[in-house]
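Here are the chains, one letter per residue:
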Amino acid sequence: MNVNDIKHAGLKKWILDFAALTTPEEIVIADGSSAQYDELVAGQLAGGYCVKLNPEKRPGSIAYNSDPSDVARVENRTYIAAQSKEAAGPTNNWIDPTELKKTMTGLYKGCMKGRTLYVIPFSMGPIGSPIAKIGVELTDSAYVVINMMIMTRVGLKVLDVLGTDGEYVPCYHSVGKPLAEGQSDNGKWPCAPLEDKYISHFPETREIWSYGSGYGGNALLGKKCLALRIASVLAHDEGWLAEHMLILKITNPEGRSIFVTGAFPSACGKTNLAMLVPTIPGWKVETVGDDIAWMKYGADGRLYAINPEAGFFGVAPGTSNDSNYNAMVSASKNSIFTNCALTEDNDVWWEGIGYDAPGKLIDWNGNEWVQNKGDKTQKPAAHPNARFTAPAAQCPSIASEWEDPKGVPISAILFGGRRPKTIPLVHQSHDWNHGVFLGSIVGSEITAAALDLKVGTIRRDPFAMLPFCGYHMGEYFQHWINVGKAAKDQSKLPKIFYVNWFRKTDEGKWLWPGFGENSRVLKWVFEACEGTAKTIDTPIGVMPTADAIDRPEGVSIEDMQELLAVDIDGWLKEVEDIRANHYPKFGDKLPKELATFLDQLEANLKAAK
Ligand code: SAT
Ligand code: MN
């Protein structure tokens, strides 16, 4: 298909205008066909950008190494360019939209010289579904096109749905590396220096402009940019929820199922939880989504969730047959790997894959690497944020409902983060608003998913949305309260829980084994939803009794007591930190309900002391 064949006049003009600005060699429309996917991959292989993996070990798969400066989202170069700074709020970077567009138009001028402009029509959510949203990404990166083909629904069918005047979210993307006459990338990952990278969102006009990075959430604009930052604004205006949440289905031995969503900051094991293999006999967990949930009320008054994505962009290191068998199978074929190490027989390897490095590897920087387990200072062979891009349909645990356009009814919402101390294994909110309070105080130890944060420190990450909320976070809290109020029947609202698999002893040992054993906590959540869980009331909320959750192997009675204790002094410190450093950021936009819950929590703790 040629750009002149596009029936949507507005779309055609928008593409041609951007082409006139960026001056690519040619324009190619991503039609969604596997023939085009193969052709793009062949071009990438011929250009030396990636390596074809051993077809016996990983059929249909390729591996890329990015530029060392382009390995994760860059939060300090990510902007919410609302009309006013106040609208973007205290947790987002802001630049005046007129000024930012001027700067970026300057950068876009001629930036696709020597490259191809790809037009990617994509749908977040099943094509044609009433809750799906359409975007069109213009990019000069073939890597982006093939990743988008796995992560979203791409192709001519999307143009058909758009018709002659349908609405779409316009998304500009360039790697920001024009080629001079006769120049080539020589197989190197193209991107711009950090100070020229911009990941920009214009919430009022629902536009995304990205420049300078080819990686993940900076470049695959359907994911964090559209399905979270722009969608959160749409959701606010239209009365629904666009959330950084996994969606799973859990079935008990009697065959009754519930659906659960869970918000955890990036690289906190969301993918592992979504694909968990239960250790408790007779229970089954299936996957609907691993990163993003859009939730709306159904006609029956319940909240329904859809996964707007079609693939997984998962963290490779730490993923093994033990930690996440379903992810390993998902990425066993037809997948794209980024910043993993390469074995001599052209397979990928990463730290925590479950077996030692087989012989000499090429590390993610392209250097020879031989594992030396005695050397604790040895640099990892795979980047800690190395990723696999895999089709969701290949996941053995994918739920049959995963593409249901009306979504799945949600019974429980989990919040969590990496918290070595204080936060117990699980507690439940008294009601929806108390659950909003729990979501608002989520904090986590920092991991490698963002480039510019100090690994190991704890930061508050309300609803795990800190890097992904497209407007004022205080108003976002209020929106959650409003959505609860809008329920026709309060008893049909999902129950809300705060979980923490990441408790450590003073010696730094894990108190809870995590992974498949988390099914024991999910079982208690399931029982709480059915009204059969053994519970006690505590100063922080509803908790399991000491014997309500069966202990896994290696967890002693004392460990369990510690996991389920209310650490009064730790929580008082938590209250102090929220009061001094967290809530004041939101000024008069902080809903008064949340300030009241904080006062109440403090009073409860003091009374229990
Ligand atoms: O790079 S992504 O934003 O897609 C992944 C993540 O940070 O969760
Ligand atoms: Mn994520």
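We now turn to the structure provided with this report. (Residues numbered from 1 in each chain as written. Chains lettered and ligands numbered in written order. Predicted model: local features only at pLDDT ≥ 70, side-chain atom pairs only at ≥ 80, totals over all residues. Heavy atoms only, no water.)

**Re the overall build of the chain**
Under the convention used in this document: Under the DSSP-based scheme used, a helix requires at least four consecutive residues in state H or I and a strand at least two consecutive residues in state E, with every element numbered from the N terminus. Between the two quantities, the radius of gyration covers C-alpha atoms and the globule rule is 2.2 Å times the number of residues to the power 0.38. Categorising residues by exposure relies on relative accessible area from a 1.4 Å probe, with only protein chains included: less than 20% of the type maximum marks a residue as buried, more than 50% marks it as exposed, and the intermediate range marks it as partly exposed. Residue contacts follow a heavy-atom distance rule, with two residues in contact if any of their heavy atoms lie within 4.5 Å. Note on areas: these come from Shrake-Rupley sampling with a 1.4 Å probe, and a residue is covered only by the protein chains present in the view. Think of it this way: Lys and Arg go in the positive column, Asp and Glu in the negative one, and His and the chain ends go nowhere. Charge positions come from single atoms, namely NZ of Lys, CZ of Arg, CG of Asp or CD of Glu.
The secondary structure content of the chain amounts to 16 helices and 30 strands. Taken over C-alpha atoms, the radius of gyration comes to 24 Å for the chain, in line with the 25 Å a tight globule of 609 residues would show. Principal-axis analysis of the C-alpha atoms places the extent of the chain at approximately 75 × 55 × 45 Å. Across the 609 residues of the chain, 61% fall into the buried class. Restricting to contacts in the chain with at least 6 residues of sequence separation, those with at least 24 account for 73%. Total accessible area on the chain stands at roughly 23,200 Å², and carbon and sulfur atoms take up 51% of it. Separation of charge centres in the chain, based on 61 positive and 73 negative side chains, amounts to 1 Å.

**Focus: the environment of Lys592**
Relative to the helices and strands, Lys592 resides in helix 16 (residues 592–608). Relative accessible area serves as the criterion here: at 64%, Lys592 is assigned to the exposed category. Taking the C-alpha atoms as reference points, Lys592 and Glu553, separated by 39 residues in sequence, lie 44 Å from one another.

**Looking at the site of ligand 1**
Definition in use: Proximity is defined per residue: any heavy atom of the residue falling within 4 Å of a molecule or strand makes that residue near it. Two N or O atoms count as a polar contact when they lie within 3.5 Å, although within protein this holds only if one can serve as hydrogen donor and the other as acceptor, and sequence-adjacent residues are included solely when both atoms are side-chain atoms. Three classes are used, and their members are as follows: Ala, Val, Leu, Ile, Met, Phe, Trp, Tyr, Cys and Pro are nonpolar, Asp, Glu, Lys and Arg are charged, and the others, Gly among them, are polar.
Neighbouring ligand 1 are nine residues, the closest being Arg73, Gly217, Lys223, Lys224 and Ser266. Within the side chain of Arg73, an N or O atom sits 2.7 Å from an oxygen atom of ligand 1. Within the side chain of Lys224, one N or O atom sits 3.3 Å away from an oxygen atom of ligand 1. Relative to its free-state accessible area of 260 Å², ligand 1 is covered by the protein chains to the extent of 97%. Mapped by element, the contributors of at least two residues to the shell around ligand 1 are helix 7 (216–219) and helix 8 (222–238). Classifying every residue of the shell around ligand 1 by side-chain character gives two nonpolar, three polar and four charged.

**Considering the coordination of the manganese ion (ligand 2)**
For the record, the criterion: A donor here means any N, O or S atom no more than 2.8 Å from the metal (3.2 Å for Na, K and Ca); water is not included, so a site may seem to lack partners.
Within the protein, the atoms that donate to the manganese ion (ligand 2) are Lys224 (NZ), His244 (NE2) and Asp291 (OD), at distances of 2.0 to 2.2 Å. Mapped onto the polypeptide sequence, the residues donating to the manganese ion (ligand 2) form the spacing pattern K-x19-H-x46-D. Linking Lys224 in helix 8 with His244 in the loop between strand 11 (241–243) and strand 12 (245–251), this pair joins segments that are 20 residues apart in sequence. For Lys224, a relative accessible area of 6% gives the class buried.

**What about helix 15 (residues 568–582)?**
Selection rule: Helices are assigned an expected span. That span is 1.5 Å times one less than the residue count.
For helix 15, with 15 residues, the first-to-last C-alpha span of 20 Å sits near the 21 Å given by 1.5 Å per residue. Contacts from the buried residues of helix 15 go to strand 25 (426–428), helix 11 (432–440), strand 27 (458–460) and helix 16.

**Focus on helix 4 (residues 97–108)**
Side chains three or four residues apart in an α-helix point the same way, a direct result of the helix having 3.6 residues per turn. Between its first and last C-alpha atoms helix 4 spans 16 Å; for 12 residues at 1.5 Å apiece the expected length is 16 Å, and the two agree. Contact partners of the buried residues in helix 4: helix 1 (9–22), strand 4 (78–80), strand 8 (169–174), strand 9 (198–202) and strand 10 (207–211). The residue sitting at the N-terminus of helix 4 and contributing the capping side-chain oxygen is Asp96; that oxygen lies 3.1 Å from the backbone nitrogen of Thr98. With its phi angle positive at about 70 degrees, Gly110 sits one or two positions after the end of helix 4.

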